[in-house]
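# Secondary and tertiary structure notes
Here are the chains, one letter per residue:
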Amino acid sequence: MTFLAYAVRKAAREYGPAPALVAGRGPLSLSFQQLNASSEAMAARLAVCGLGQGQVAALLLPNSLDYIVAYCALAKIGAVTVGIGAHYTPAERQAMLERARPDVVIGTKELLTGRLPDTQIIPVRQAEDRRELAAGLPILGRERLRTTPKPRSQGEPETIVFTSGTTGLPKGALFGAKQIAAIAETDGLAQPAPMPLLVATGLSHVGFMTKLAGHLLSGNRLHVLPRWRAREALDLICAERIPVIGGVASQVALLLRVSDLGSYDTTHIKALVIGGGPSPAALVRKARETFGAGYSIRYSSTESGGLGTLTALDAPDEELFHTVGRPRKGTEISVRDDEGGELPSGETGEVWIRSASVMSEYWHDPLATRAALLPDGWLRTGDLGLLDGVGCLRLVGRRDDMFIRGGYNVHPQEVEAVLQGHPAVGEVAVVPRPDAVMGQVGVAFVVPSDPGLQPTLEELRLYAGPRLAKHKLPEDLRIVPSLPLTSAQKVDRSALRKRVGP
């Protein structure tokens, strides 16, 4: 049995009629019992369509309750689910399908476009009411054949989650029941009681695919928006009195820009738990002051199953503003040199992670798997950082993002962290451009905090000079209205490099 199938059935027994899933603020919703029943019904219908144990099913569905019902149904017949959500571009969806090589594709007609793989296609329509959800999904084919999955080992595949693709084509990280059970156990340790939560990521993101089982076992009520928009998210957070805001730093920044934020009652918000990239110190200060809540920064990756390090809600400012905290329970962090030797605290190298939640492999990519995973369980993240004197991890950038100016290494994230403190800088990203003398120099793309008060290159260099060596200072400045983002809401550095040109 897949771990998700176990979690759906156990949650139905323990939480029964309590609401498990809500489309926005309702009225469409499913209790834990109804989620179990509707996924059972859909599992039977998918079995009639020929889908069975161990087959790979790609979900091309919008953020909706339908997606979750389908994922739970696939888990119940022992299939391997790969989520390919509506927020991806057609080109991204096609690349993921080519990588996944699914046995079947389940999707809406709006998303079943472009060059689809030569495989079974099951078109569906989104459920419009609870009656349709109770039947599984409006799907082609006749019912009804109840299937019982064969016994499985914990190492067997359960879901494939694609990376964000910020450093090239996305890769599919494979997770089995063993990893998903470990993730559920770790997250469950931090939660004393069920709570309402807003799902801040796309449903195909690692923050949902590997963590849904844990939410169900914890009895959480999950609110799902078709698309995350700041005002709609804030309306829901306040109406449902959601105590913890999750997501990425850019979402926090957008919440803080809601024009009438001061008119909302946010006293119920107790914590912001933010990952997916750096949280600038100025953003953390403003969020804590505005919401009167603690702020925790999480560092992880798709490959690590969404687990890594975090800062405590009561961490001192030095830790919160300049580190990504300490390893979570059951997680080991090590900093290594180019030969794999462990570096002492204070020295910069590649961050390695080892835990029970780390992926099994990159799907259909043995070369990339061997490069990332070592036989003793360590995952090479590609991130560069150092462990400080108290055991906190400080990130300085990606190995792939580093560039060399005049023989000296420059890590963009280190430069960005300093520039972000300038009062005229709202957002910043640094990428290299070729230089005939120095080889490469840094270009700072800056979104001003006030469009009417744009910083100059000289001002930024003077500000950063006392904190950064001269070779790290940017030598070109581009003022932009916004930074390009990937589908995973991370800064799209490849798009910025293209703007710089050869």
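The rules we used
- Residues numbered from 1 in each chain as written.
- Predicted model: local features only at pLDDT ≥ 70, side-chain atom pairs only at ≥ 80, totals over all residues.
- Heavy atoms only, no water.
- Buried < 20%, exposed > 50% of the residue type's maximum accessible area, 1.4 Å probe, protein only.
- Helix = DSSP H or I, 4+ residues; strand = E, 2+ residues; numbered from the N terminus.
- Pairing = 2+ DSSP bridges.
- Right-handed = clockwise from strand over helix to strand, strands pointing away.
- Salt bridge = Lys/Arg side-chain N within 4 Å of Asp/Glu carboxyl O.
- Phe/Tyr/Trp six-rings, centres within 6.5 Å; stacked < 30°, edge-to-face > 60°.
- Lys NZ or Arg CZ within 6 Å of the ring centre and 35° of its normal.
- Axes fitted to C-alpha atoms, helices over the stretch in contact; angles between N-to-C directions.
- pLDDT = per-residue confidence, 0-100.
- Contact = heavy atoms within 4.5 Å.
- Polar contact = N/O pair within 3.5 Å; in protein donor to acceptor, adjacent residues only side chain to side chain.
- Parallel < 35°, antiparallel > 145°, perpendicular 65-115°, else oblique.
- Left-handed = near helix turned anticlockwise from the far one by under 90°.

## Structural notes on the pairing of strand S13 (residues 294-299)
For S13, the tally of buried residues reaches five of six residues, placing the bulk of the element in the interior. Bridge count between strand S12 (residues 271-275) and S13: four bridges; the pairing is parallel. Paired with Ile 274 across the two strands is Ile 297, which belongs to S13. Once you follow S12 into helix H11 (residues 281-291) and on to S13, the crossover reads as right-handed. The pairing of S13 with strand S14 (residues 309-310) spans two bridges and is antiparallel. Note that in S14 the partner of Tyr 299 across the bridge is Thr 309.

## Remarks on the pattern of salt bridges
Applying the stated criterion across every chain yields a total of 27 salt bridges. For Glu 98, the salt bridge is made with Arg 115, and the minimal N-O distance between the two is 2.7 Å. Residue Glu 98 is found in helix H4 (residues 90-100), and its partner Arg 115 is found in the loop between strand S5 (104-108) and strand S6 (120-124); the two are separated by 17 residues along the sequence. Classification of Arg 115 by relative accessible area gives exposed; the value is 56%. Salt bridges linked by common partners bring Arg 125, Glu 128, Asp 129, Arg 131 and Glu 132 together as one network.

## A look at the packing of aromatic side chains
A complete count under the given rule lists three aromatic pairs for this structure. For the ring pair Tyr 15 and Phe 32, a centre distance of 5.2 Å and an interplane angle of 40° mean the geometry is tilted. A residue pair is termed long-range when its members are at least 10 positions apart, and Tyr 15 in helix H1 (residues 3-15) and Phe 32 in helix H2 (residues 32-48) qualify at 17 residues. Overall, the relative accessible area of 23% leaves Tyr 15 in the partly exposed class. Its relative accessible area of 1% is what places Phe 32 among the buried residues. Ring geometry for Trp 352 and Trp 378: centres 6.5 Å apart, planes at 50°, overall tilted. On the criterion of sequence distance, the pair formed by Trp 352 in strand S17 (residues 349-354) and Trp 378 in the loop between helix H13 (366-372) and strand S19 (379-387) is long-range, its members being 26 residues apart. One Lys or Arg, Arg 336, reaches over the ring of Trp 378 and ends 5.1 Å from the middle of that ring. Note that Arg 467 overlies the ring of Tyr 463, its terminal NZ or CZ placed 4.3 Å from the centroid.

## Notes on the sheet that holds strand S24 (residues 439-448)
Sheet architecture is open: three strands sit in the order S23-S24-S25, paired in mixed fashion. Across the chains shown, the open sheet's two edge strands, defined by having one partner strand only, are strand S23 (425-435) and strand S25 (476-479). Adjacent strand axes in the sheet meet at a mean angle of 25°, parallel and antiparallel pairs treated alike. Where S24 and S25 come together, four bridges link them in parallel fashion. When the sheet's bridge partners are listed, Phe 445 is paired in S25 with Arg 478.

## Some remarks on the sheet that holds S19
Taken together, four strands build an open sheet; the order of strands is S16-S17-S19-S20 and the sheet is antiparallel. Where the open sheet ends on each side, the last strands, each with one partner, are strand S16 (332-336) and strand S20 (393-398). Each adjacent strand pair in this sheet contributes to an overall mean axis angle of 50°, direction not counted.

## Let's talk about the confidence of the model for the protein
Scored by pLDDT, the protein comes out at a mean of 90, with 95% of its residues at no less than 70. Note that pLDDT drops below 50 for residues 141-149; the model gives that stretch 18 contacts with residues more than four away or on any other chain.

## A look at the side chain of Gln 420
With respect to the helices, strands and loops of the structure, Gln 420 is situated in the loop between helix H14 (412-419) and S23. At 2.6 Å, the side chain of Gln 420 forms a polar contact with the backbone oxygen of Gly 426. Aside from chain neighbours lying at most four places away, what touches Gln 420 is Pro 280, Val 425, Gly 426, Glu 427 and Val 428.

## Here's the deal with the environment of Gly 52
With respect to the secondary-structure elements, Gly 52 resides in the loop between H2 and strand S3 (56-60). Along the backbone, Gly 52 and Val 80 are 28 residues apart, and their C-alpha atoms lie at a distance of 9.5 Å. Contacts of Gly 52, omitting those with residues within four sequence positions, involve Ile 77, Gly 78 and Ala 79.

## Some points on unusual backbone geometry
The omega torsion across Gly 26 and Pro 27 is 10°, close enough to zero to call that bond cis. With respect to the secondary-structure elements, Pro 27 resides in the loop between strand S1 (19-23) and strand S2 (29-31). The phi angle at Arg 101 is positive, at roughly 50°, despite the residue not being glycine. Tracing the backbone shows Arg 101 in the loop between H4 and S5. Exposure remark for Arg 101: the relative accessible area of 53% places this residue in the exposed category. A positive phi is found at Arg 241, a non-glycine position, where the angle reads about 50°.

## What to know about the packing of helix H10 (residues 249-256) against H11
In contact at an axis separation of 10 Å, H10 and H11 are set at 50° when each is read in the N-to-C sense. Judged by the angle between their axes, H10 and H11 are oblique. Read as a crossing pair, H10 and H11 show a hand that is left-handed. Side by side, H10 and H11 meet where Ala 249, Val 252, Ala 253, Leu 255 and Leu 256 of the first sit next to Leu 283, Lys 286, Ala 287, Thr 290 and Phe 291 of the second.

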